[in-house]
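What the coordinates show
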2 protein chains.
Amino acid sequence: MKSDVEIAQQATLRPIGELAEELGLSTDEYEPYGHTKAKISLAVLERLKDKPDGKLILCTGINPTAAGEGKTTTNVGLSMALNRIGKRAMTTIREPSLGPSFGMKGGAAGGGYAQVVPMEDINLHFTGDFHAITSAHNLLAALLDNSIHQGNPLNINPKRITWPRVLDMNDRALRNIVIGLGKVGDGVVRESGFEITVASEIMAALCLATGIEDLKERFGRMIVGYTYDKKPVTAGDLGAPGAMALLMKDAVRPNLVQTLENTPAIIHGGPFANIAHGNNSVVATQTALKLSDYVITEAGFGADLGAEKFFDIVCPAGGLTPDAVVVVATVRALKLNGGKDKKELTNEDLFALGAGVVNLEQHLENLAKFGVPALVALNRFPSDTDAELDLVRQRCEALGVKVVLSEVFAKGGAGGEDMAHAVVELCEQESNYAPLYDVEDEMHAKIETIAREIYRADGVDLAPTAATQLGQIKADGYGSLPICMAKTQYSFSDDPTRLGAPRGFRITVRELVVNAGAGFVVALTGDIMRMPGLPRVPAAVGMDISDDGTITGLS
Amino acid sequence: MKSDVEIAQQATLRPIGELAEELGLSTDEYEPYGHTKAKISLAVLERLKDKPDGKLILCTGINPTAAGEGKTTTNVGLSMALNRIGKRAMTTIREPSLGPSFGMKGGAAGGGYAQVVPMEDINLHFTGDFHAITSAHNLLAALLDNSIHQGNPLNINPKRITWPRVLDMNDRALRNIVIGLGKVGDGVVRESGFEITVASEIMAALCLATGIEDLKERFGRMIVGYTYDKKPVTAGDLGAPGAMALLMKDAVRPNLVQTLENTPAIIHGGPFANIAHGNNSVVATQTALKLSDYVITEAGFGADLGAEKFFDIVCPAGGLTPDAVVVVATVRALKLNGGKDKKELTNEDLFALGAGVVNLEQHLENLAKFGVPALVALNRFPSDTDAELDLVRQRCEALGVKVVLSEVFAKGGAGGEDMAHAVVELCEQESNYAPLYDVEDEMHAKIETIAREIYRADGVDLAPTAATQLGQIKADGYGSLPICMAKTQYSFSDDPTRLGAPRGFRITVRELVVNAGAGFVVALTGDIMRMPGLPRVPAAVGMDISDDGTITGLS
């Protein structure tokens, strides 16, 4: 089979203006970025505010494994399949991060015959949203260090600065640095570091904001550090929000592209799922809901993290009411969850599969707690046997959940028609969506609820640092923010090696961090890497572009 | 009078597609970025390769002073004025750097009624060219540090790394840093630093490259450091050029915008004039020369730096043959050059003016050495008296150079009609353009030629470091590269306080740096700031954008 970039480069793309017009957008309501990308004005939401929303389908998955699940591929393929069976559907997904493309991670625009295009642009600079975030983030950092250098009128304690700098590049050497060395005009010496741009709180805030004014207010609340007497210092105190918002004036608008089958797709925002909520922007989803009848949106990692945050953080922030959930799984990944060796996944193994399917079952039980109807999409691989597929089907049906097979990677929309029909049917069922907890609950109790109900932990322990922070957070008035869990994506527990559906464990929260601008409190359960590194042979070394624009090595 | 951003926001812009079509571009040959910006394909140069070029006019100036000269304003105004008198003219200028906009520098898109628009976009992210450079530059830095971290197969000496990282932000705290701190996986500890993006060698290379293949070859030659046995290590050795070129695939194409009077303008590239050549890209100028009959391009700083580099580096690289030079001056700046106090520049002072006009005279004499006809454009201020204007006129006419008055700041193109007629006339004269020196001359001799002929120094001294480097440069085979002088812009000498036309001084070259990718050797005559800082009250603090998109505080 051809590589993703070969398939993408051979696609025939429609002019983006035609797609925009078919969606009912006027020339004033979109701005072309080249002939196949566009930004959609937020004025559309105002114009269509009385139009009923389409159906909202969340695409989530089992805990990710090295075997790969194909969540974005399924998401994109489902939107194409829905269009094939005569529905007006759109997918909304996250923008990929540029930096990791040069390390070892593939792009994040789907795969095979279920991609959004132009994939090479989407995986590189796209419409510049991430660069805008990098600029706004680093402007705030420069203003902060400059304020200390210029006499420190805000009494900021350089040892209590929490705002790092960011770059959209995998650069391990920048994780821990000392800045401000040199001569008297070269700033104040202190320890600091760079994180990857997607980890910026600005990214999380962008994806929850309803517009530029809301975003500016969120900037104003962002905590950059603390004074010598431990009072929070915000971006607002530094006079930064206006200039930051100016830098974000275009980035705040969702991006319109298309799938390989020319159906419209919106790609906007991409918060680092490790420490933020891992969903595309709410304005992207809101816009798609006004422009089409079925909207598939995606949540990062497994449903224990991605779906939980979507239901408990994103939907309340965006006023969204999901109608259905598609849980993506593969037989291979379930066998891995059941203890099968990674190298033997192509061999039939009903024992390992039976042991691993408990992971899927727990996710399905969890999703029922949010009151939204669900189905399982098995992303089919050639090595899957009928007996294996039957086993998964039986186990899910015992929970009242239908299983459909998806072959969109190899066949495009045609490989997802069964799935599309099942999704349409599912959306006819009543959804009784409700968040898992009340944000007004006590903060420790909110974390306990997530840990017990979703992870099936026996309880939550706060490390001494976290316990101190909990008191401070309540004292500073942030007690009513929702929780954003930062936990390994590989396990329901906080131990990445415990696959399947572990029991008999407790969750330890090491640290609590207020993201006042994004509007949540991050509960860190382990060391979270916020700046990836490059491998021994980086993907960059195999990349090229010729004079005629032919690209190789990008995936 | 209104502020620049007010004037710009009240302008009626024409759809960029209309302008592109009027220039004869097909839909395939330009890509819109929003409704008022576009990128022009380099395929245009191939299609029109047999079409005769238009006339090429260099816009340069006297040594810059705190009084301001308005070079970009004159450049933009002249293109509008030429169109008013019935000529097909375009301006090509540099892209402004985003970072400094938040410090204290105004934007660089002209001023008053002689601006290119949309100025707020041009002064912010524009079409993302600078972000692409930042990404490509920092990818190379990450690959370099990663190579050392992963066993250092290239035997790179961490103490001899010359490739910094870059950000488009004024951030003094990043000038001198220590990177690679932390744990065993966090890279190798070493001293390093960030420079501003415009100082990147990638910027200089972009502005001299003829296309993506040429740019990739330039990347391959870029020196990032030296081995333990002092051999140069290049980006090519690290396998970086393909991925870097991929990141630059859009940035390599010139940007089409318009003036306030809707005449087409090309803005592309903006090398840091302090250490590079300070001209827009050669592909921008070449494209404009194919699309119009008169092209005005601009050189950074005074003619001693900007024009010299344009004639000696840029024209040979781009195969350009300039037809005329416009030297921008103001009565105020000339009085400052003659010793007048900055606060008294609005008072008539023929003595100070007479003493200061020597600066202009020396530039005119110098320009004659390149064989290109010149005129002086006096950017008129309300305080200029007739006697003062007469004095400048007489002194220039004594050198056979015509003086015209420009009022484009206050009146737009209508304020530049005299200038436009004079420029048309000047272009009818024969140009005998030739570079000042032969690149095959010995390197010290090339520097001597520039210092004696242009600066009027008595000679050039090499500091011990520079002398050692000179030997190494010749041994490494870089002796035939042209020279790029890094000297204070405020004086012909290397002492910024010596205004006018100083005599009786020598130039000391402290360091010689090979920019093998850009294709020149930088001769540093003093400490050059490569990363600006923010002032006590940064411009950012006064900036804002409202929900309806109204921008304040950007200049």
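Going by an unreviewed UniProt entry, chain A carries the name Formate--tetrahydrofolate ligase and comes from Ornithinimicrobium avium. The record in UniProt for chain A states the following under Sequence similarities (unreviewed entry): "Belongs to the formate--tetrahydrofolate ligase family."

Residue and element names in this part refer to chain A. Annotation of chain A at the domain level lists domain 1 (4–128 + 251–427), domain 2 (129–247) and domain 3 (443–525). Computed over C-alpha atoms only, the centres of domain 1 and domain 2 are separated by 33 Å. The partner domain 2 presents 20 residues to the 31 residues of domain 1 that form the contact. Of the roughly 2,000 Å² buried at the junction of domain 1 and domain 2 (both faces included), carbon and sulfur atoms supply 66%. The interface formed by domain 1 and domain 2 contains one salt bridge. A salt bridge links Asp-129 to Lys-39, with the shortest nitrogen-to-oxygen separation between them at 2.7 Å.

What follows is about the confidence of the model for chain A. Taken residue by residue, chain A gives an average pLDDT of 95. The fraction at 70 or more is 99%. Reported confidence for the predicted complex is 0.96 by ipTM and 0.96 by pTM.

Another point: the sheet that holds strand β24 (residues 520–524) of chain A. Residue and element names in this part refer to chain A. The strand order across the open sheet formed by three strands is β21-β24-β23, and the pairing between neighbours is mixed. The sheet terminates laterally at β21 (483–486) and β23 (511–515), the two strands that pair on one side only. Put simply, the sheet's adjacent strands are angled 25 degrees from each other on average, direction ignored. Taken together, the five bridges between β23 and β24 define a ladder with antiparallel strand orientation. Within the sheet, the bridge partner assigned to Asn-515 lies in β24 and is Phe-520. Its contacts with the sheet put helix α18 (residues 443–455) on β21, β23 and β24, and the angle it makes with β21 is roughly 55 degrees. Packing against the sheet, helix α19 (residues 464–475) makes contact with β23 and β24, and its axis sits at approximately 30 degrees to β23.

Taken as a whole and assessed by the stated rule, the structure comprises eight aromatic pairs over all chains. With centroids separated by 5.9 Å and ring planes inclined at 50 degrees, the aromatic side chains of A:Tyr33 and B:Tyr33 adopt a geometry described as tilted. Here A:Tyr33, found in the loop between β1 (30–32) and β2 (38–40), pairs with B:Tyr33, found in the loop between β1 (30–32) and β2 (38–40), and the two come from separate chains. Consider the rings of A:Phe311 and A:Tyr433, whose centres lie 5.8 Å apart with planes at 35 degrees: the pair is tilted. Taken as a pair, A:Phe311 in helix α12 (residues 306–318) and A:Tyr433 in the loop between α17 (417–428) and α18 lie far apart in primary sequence, 122 residues in all. For the pair A:Phe311 and A:Tyr433, a shared accessibility class is recorded, and that class is buried. Among the aromatic residues, those joined into a cluster by ring pairs are A:Phe310, A:Phe311, A:Phe370 and A:Tyr433. Positioned over the ring face of B:Tyr455 is B:Lys487, at 4.7 Å from the centre of the ring.

The next subject is helix α9 (residues 212–221) of chain A. Restricting attention to buried positions, one finds in α9(A) the residues A:Ile212, A:Asp214, A:Leu215, A:Lys216, A:Arg218 and A:Phe219. Close packing links the buried residues of α9(A) with α8 (201–208) and α10 (241–247) of chain A together with β25 (544–545) of chain B.

Turning our attention to the packing of helix α8 (residues 201–208) of chain B against helix α9 (residues 212–221) of chain B. Helix-helix packing: each pair is described by the crossing angle between the helix axes and the interaxial distance. Residues and elements named next belong to chain B. Packing of α8 against α9 leaves a shortest axis separation of 9 Å and a crossing angle of 145 degrees. Relative to α9, α8 is oriented so that their crossing is right-handed. Of the residues in α9, those in contact with Ile-202, Ala-205, Leu-206 and Leu-208 of α8 are Asp-214, Leu-215, Arg-218 and Phe-219.

The next point concerns the interface of chain A and chain B. Counting residues at the interface gives 69 residues for chain A, matched by 70 residues for chain B. Summing both sides of the interface, chain A and chain B together bury roughly 6,100 Å²; the carbon and sulfur share of this comes to 62%. By the criterion of area lost to chain B, the three top residues of chain A are A:His35, A:Leu246 and A:Ile545, representing 10% of everything that side buries. The tally of links between chain A and chain B comes to eight salt bridges. A salt bridge links B:Asp186 to A:Arg175; its shortest N-O distance comes to 2.7 Å. Inspection of the region where chain A meets chain B yields 37 residue pairs in polar contact (both at pLDDT 80 or more). Residue assignment for the side of chain A that touches chain B shows that the elements contributing at least two residues are β1, α6 (119–122), α7 (129–149), β8 (165–167), β9 (177–179), α9, α10 and β25 (544–545) of chain A. If one sorts the elements of the side of chain A that touches chain B by residue count, α7(A) sits on top with ten residues. Here the side of chain A that touches chain B is built from residues that sort into 34 nonpolar, 19 polar and 16 charged.

So, on to the relation of the copies chain A and chain B. When chain A is fitted to chain B, the best match, at an RMSD of 0.0 Å, comes from turning it 180 degrees and sliding it 0.0 Å along the axis. Here the symmetry operator amounts to a two-fold rotation axis. Among all C-alpha atoms of chain A, that of A:Tyr33 lies closest to the rotation axis, at 2.1 Å. Both copies share a contact surface, since 99% of the interface residues of chain A are interface residues in chain B too.

Right, let's talk about the pairing of strand β18 (residues 374–379) of chain A for a bit. Residue and element names in this part refer to chain A. By the criterion of burial, β18 is predominantly enclosed, with six of the six residues buried. The alternating pattern of β18 places Ala-374, Val-376 and Leu-378 on one face and Leu-375, Ala-377 and Asn-379 on the opposite face, and all of these are buried. Two strands pair when backbone bridges link them, and strand β17 (residues 324–329) and β18 are joined in this way by five bridges, in the parallel orientation. Bridged to Val-327 within β18 is Val-376. Pairing of β18 with strand β19 (residues 402–406) involves five bridges; the strand directions are parallel. Following the sheet pairing, Val-376 is matched in β19 by Val-403. Handedness of the crossover joining β18 and β19 through helix α15 (residues 386–397) is recorded here as right-handed.

Attention shifts here to the pattern of salt bridges. Scanning all chains against the criterion turns up 70 salt bridges over all chains. In this structure, the salt-bridge partner of A:Arg510 is A:Asp527, at a minimum N-O distance of 3.8 Å. On the criterion of sequence distance, the pair formed by A:Arg510 in the loop between β22 (507–509) and β23 and A:Asp527 in the loop between β24 and β25 is long-range, its members being 17 residues apart. Within this structure, A:Glu31, A:Lys249, A:Asp250, A:Arg253, B:Lys37 and B:Asp121 form a network of salt bridges that share partners.

Attention now moves to the sheet that holds strand β13 (residues 232–234) of chain B. Residues and elements named next belong to chain B. Pairing is antiparallel in the open sheet, where three strands are placed in the order β7-β12-β13. One side of each edge strand has no neighbouring strand; the edge strands of this open sheet are β7 (156–161) and β13. Direction aside, the axes of adjacent strands within the sheet are offset by 50 degrees on average. Here strand β12 (residues 223–227) runs beside β13; their pairing, made up of three bridges, is antiparallel. What sits directly across from Tyr-226, in β13, is Pro-232.

Residue and element names in this part refer to chain A. By the element assignment, Leu-208 lies in helix α8. Judged by its relative accessible area of 2%, Leu-208 is buried. For the pair formed by Leu-208 and Thr-197, sequence separation is eleven residues and the distance between their alpha carbons is 17 Å. Among all residues touching Leu-208, those that are not within four sequence positions of it are Asp-214, Arg-218, His-277, Val-282, Ile-313, Val-314, Ala-317, Ala-518 and Phe-520.

Before going further, it helps to examine a nonpolar patch on the surface. A contiguous nonpolar surface patch, about 320 Å² in accessible area, is contributed by A:Met1, A:Tyr113 and A:Phe409. When you line up the elements, A:Tyr113 lands in the loop between β5 (110–111) and β6 (114–117).

The next point concerns the side chain of B:Thr127. Residue and element names in this part refer to chain B. Turning to its location among the elements, Thr-127 is positioned in the loop between α6 (119–122) and α7 (129–149). Reaching out from Thr-127, the side chain makes a polar contact with the side chain of Asn-255 at a distance of 2.7 Å. If we ignore the near neighbours within four places in the chain, the residues touching Thr-127 are Tyr-33, Lys-37, Lys-39 and Asn-255.

Residues and elements named next belong to chain A. Taking the UniProt record as the reference, the feature "binding site: ATP" (unreviewed entry) is found at Thr-65, Ala-66, Ala-67, Gly-68, Glu-69, Gly-70, Lys-71 and Thr-72. Position of Ala-66 among the secondary structure elements: in the loop between β3 (55–61) and α4 (71–84). Not counting residues within four places of it along the chain, the set of residues in contact with Ala-66 comprises Leu-336 and Lys-342. Excluding residues within four positions of it along the chain, Glu-69 makes contact with Ile-62, Asn-63, Pro-64, Val-328, Thr-330, Ala-333 and Asn-379.

About the cut-offs
- Residues numbered from 1 in each chain as written.
- Chains lettered and ligands numbered in written order.
- Predicted model: local features only at pLDDT ≥ 70, side-chain atom pairs only at ≥ 80, totals over all residues.
- Heavy atoms only, no water.
- UniProt positions renumbered as here; feature names shortened; annotations may be inferred.
- Domains from an automatic or database assignment.
- Contact = heavy atoms within 4.5 Å.
- Buried area = accessible area lost by both parts, 1.4 Å probe.
- Salt bridge = Lys/Arg side-chain N within 4 Å of Asp/Glu carboxyl O.
- pLDDT = per-residue confidence, 0-100.
- Pairing = 2+ DSSP bridges.
- Helix = DSSP H or I, 4+ residues; strand = E, 2+ residues; numbered from the N terminus.
- Axes fitted to C-alpha atoms, helices over the stretch in contact; angles between N-to-C directions.
- Phe/Tyr/Trp six-rings, centres within 6.5 Å; stacked < 30°, edge-to-face > 60°.
- Buried < 20%, exposed > 50% of the residue type's maximum accessible area, 1.4 Å probe, protein only.
- Lys NZ or Arg CZ within 6 Å of the ring centre and 35° of its normal.
- Left-handed = near helix turned anticlockwise from the far one by under 90°.
- Polar contact = N/O pair within 3.5 Å; in protein donor to acceptor, adjacent residues only side chain to side chain.
- Nonpolar A, V, L, I, M, F, W, Y, C, P; charged D, E, K, R; others polar.
- Least-squares fit on C-alpha atoms with pLDDT ≥ 70 in both.
- Right-handed = clockwise from strand over helix to strand, strands pointing away.
- Patch = residues over 30% accessible without salt bridge, like charges linked within 9 Å, V, L, I, M, F, W, Y side chains within 5 Å.
- Areas by Shrake-Rupley, 256 points an atom, 1.4 Å probe, with all protein chains shown as cover.

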